Every structure is written in structure tokens, then in C-alpha cells.
Amino acid sequence: MRALTGLWRWRHNALCRATDLAEAWVALVALALIAVAAPATGALAGAAAQDSLQRSVREQRHTRHLVPATVVRDLGRPMTDTDPDTTARETRSRVLADWTAPDGTRRRGPVLAGLESPHTGDHFRVWTDPHGRITARPLDAPTATTHAVLAGIGAALATAALIESGRRLAVWRMVRRRYAGWDRAWERAGPDWGKAGTGS
């Protein structure tokens, strides 16, 4: 928005100074960069994130497996678990369970089960790696795309903020230079200010 107000200095004015025109040029360049560079940076960052995340989705689909597990006993301390990939909150219980890894290895250990009141012998499913170690469920394609879009938007906003910061810094330096010029002019004119015949 400040870049737009800087363009106001283009208006015709007999009192327009060179620094006013310089500020207008800085505002114009900043506005052009925000209009072109920010969307381009966002698109590139989003595309790169999408490529990387979709590669992760494909990899996780091959390396993570949903296997059946059986409750050995309830370990108590039920907790509310929030899956980072969803907005749903789900009550889970901590249980000791048995399961078989995709490579055929028998496993036993504490896991979180989506059971409100687990009992010995209850069945549920868990995500594991190929060796049977418990892991998070794989990232799905729509969630990956959402993350990529957010990354692109974030990159575009960060680029726009960086350009605007550069514009503000440039204007601040111009204003400081202008004030320093005024101070020097005042030092020259100050001692004689208001005296009769000054400048004659």
C-alpha cells in the first residue's frame, strides 16, 4: 500500500523535488516487482514443494503398511490424539499389542489404538515400516497439495514483504539525506534568519 502512495509523487507540482521523483521511481519499481516477482516466486516454490511432497507420498505408500494388531492388555492413560494431517480429534488408548511386520517378523510393544475401551483380544490396525516398526500413516496426495499451495503462498508473501522492506529502506535513506541537506542549509542561513537586509 505504501508503494501505491509513493506513486502519488508523480503528480505535477512546481514544488516537486528530485528526491520526490526518486521516491516515485522507487515506489514504481517496488510495485512492479511485487506484481511480477512475488507471484513468480510463489509459483516456483509451490511447484518445487508439490514435486517434493508428491515424491514423499509415493515413497511412503511403498514403505508404510497398515497391518492388523491384537490388544494384549490395556496400558491405561487414554489420550486425545490429533492427527497432523486432519482436523479431526480422535480418542486413543495406549495398549500393549502384538502384530506381524510385512517381512513376517512378530512384534510386540506399546501402541496407540483407536479404541475407547480396549480389551484383551480386540483387533485394530497400525501403520508400520517394512520391518514392523510403528510409524505415522503415509501422507496423502490432497494433503501434500495443500501443503504445497501454502508453501507457495508463504513464499509469495515473503517476497512481497522483502521488496516492501527494501523500498522502505531506500525511502528512509532518501529522507535522511534530505533532512541532512536541510540541516546544512539551515546552518548556512540560520545565523542571519530574520535580520533586516538578509540576502540583499
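Before any of the text, the structure's been laid out above.
Residues numbered from 1 in each chain as written. Predicted model: local features only at pLDDT ≥ 70, side-chain atom pairs only at ≥ 80, totals over all residues. Heavy atoms only, no water.

**Student:** Before we move on, can you summarise the overall build of the protein chain with the specific residues and values?
**Tutor:** Along the protein chain, the regular secondary structure elements total 3 helices and 5 strands. Helices (α) and strands (β) of the protein chain occur, in sequence order from the N terminus, as α-α-β-β-β-β-β-α. For the protein chain, the proportion of its 200 residues judged to be buried stands at 26%. Counting contacts in the protein chain only where the partners sit at least 6 residues apart, residues at least 24 apart contribute 63% of the total. Here the protein chain has roughly 13,400 Å² of accessible surface; of this, 60% comes from carbon and sulfur atoms. (Helix = DSSP H or I, 4+ residues; strand = E, 2+ residues; numbered from the N terminus. Buried < 20%, exposed > 50% of the residue type's maximum accessible area, 1.4 Å probe, protein only. Contact = heavy atoms within 4.5 Å. Areas by Shrake-Rupley, 256 points an atom, 1.4 Å probe, with all protein chains shown as cover.)

**Student:** If you had to explain a nonpolar patch on the surface to someone new, which residues and values would you point to?
**Tutor:** Side chains of L21, W25, L28, V29 and L33 sit close together on the surface and give an oily, nonpolar patch of about 440 Å² of accessible area. By the element assignment, L28 lies in helix α2 (residues 18–63). Under the relative-accessibility criterion, L28 is labelled partly exposed at 34%. (Patch = residues over 30% accessible without salt bridge, like charges linked within 9 Å, V, L, I, M, F, W, Y side chains within 5 Å. Salt bridge = Lys/Arg side-chain N within 4 Å of Asp/Glu carboxyl O.)

**Student:** An account of the nonpolar core is requested, with residue identities and associated values reported.
**Tutor:** Among the nonpolar cores identified, the biggest contains 11 residues, and these are V67, A69, V71, V95, A97, W99, V111, A113, L115, F124 and V126. When contributions to this core are tallied by element, the ones reaching two or more residues are β1 (65–74), β3 (89–100), β4 (106–113) and β5 (123–128). When residues no more than four places from it in sequence are discounted, the contact partners of A97 are A69, T70, V71, V72, R107, R108, G109, V111 and F124. (Core = buried A, V, L, I, M, F, W, Y, C linked by side-chain atoms within 4.5 Å.)

**Student:** Mind laying out the environment of L31, listing which residues take part and the relevant values?
**Tutor:** Among the secondary structure elements, L31 is positioned in helix α2. Exposure remark for L31: the relative accessible area of 28% places this residue in the partly exposed category. Sequence-wise, L31 and I163 are 132 residues apart; in three dimensions their C-alpha atoms are separated by 8.7 Å.

**Student:** Describe in detail the pattern of salt bridges, supporting the description with residues and values.
**Tutor:** On inspection of all chains with the given rule, the structure shows 5 salt bridges. Here R133 ties to D129 by a salt bridge, and the two come within 2.9 Å at their closest N and O atoms. Overall, R133 belongs to the partly exposed group, its relative accessible area being 45%. For D129, a relative accessible area of 14% gives the class buried.

**Student:** Hey, could you go over the environment of V149 for me, with residue numbers and the actual values?
**Tutor:** Within the secondary structure layout, V149 lies in helix α3 (residues 141–189). Its relative accessible area of 47% is what places V149 among the partly exposed residues.

**Student:** Could you give an account of the environment of E23, naming the residues involved and the relevant values?
**Tutor:** Structurally, E23 is set in helix α2. In this structure, the C-alpha to C-alpha distance between E23 and R167, residues 144 residues apart in sequence, is 8.9 Å.

**Student:** Give a description of the pairing of β5 that names residues and reports values.
**Tutor:** Residues F124, V126 and T128 point to one face of β5 and are all buried, whereas H123, R125 and W127, pointing to the other face, are not buried. Sheet topology places β1 next to β5; 6 bridges connect them, and they run antiparallel. If you follow T70 over to β5, its bridge partner there is H123. (Pairing = 2+ DSSP bridges.)

**Student:** Residues and numbers for the side chain of Q54, please.
**Tutor:** With respect to the helices, strands and loops of the structure, Q54 is situated in helix α2. Judged by relative accessible area, which is 16%, Q54 ranks as buried. Of the polar contacts made by the side chain of Q54, one reaches the backbone oxygen of A141; its length is 3.3 Å. Setting aside residues up to four positions removed in sequence, Q54 forms contacts with A141, A144 and T145. (Polar contact = N/O pair within 3.5 Å; in protein donor to acceptor, adjacent residues only side chain to side chain.)

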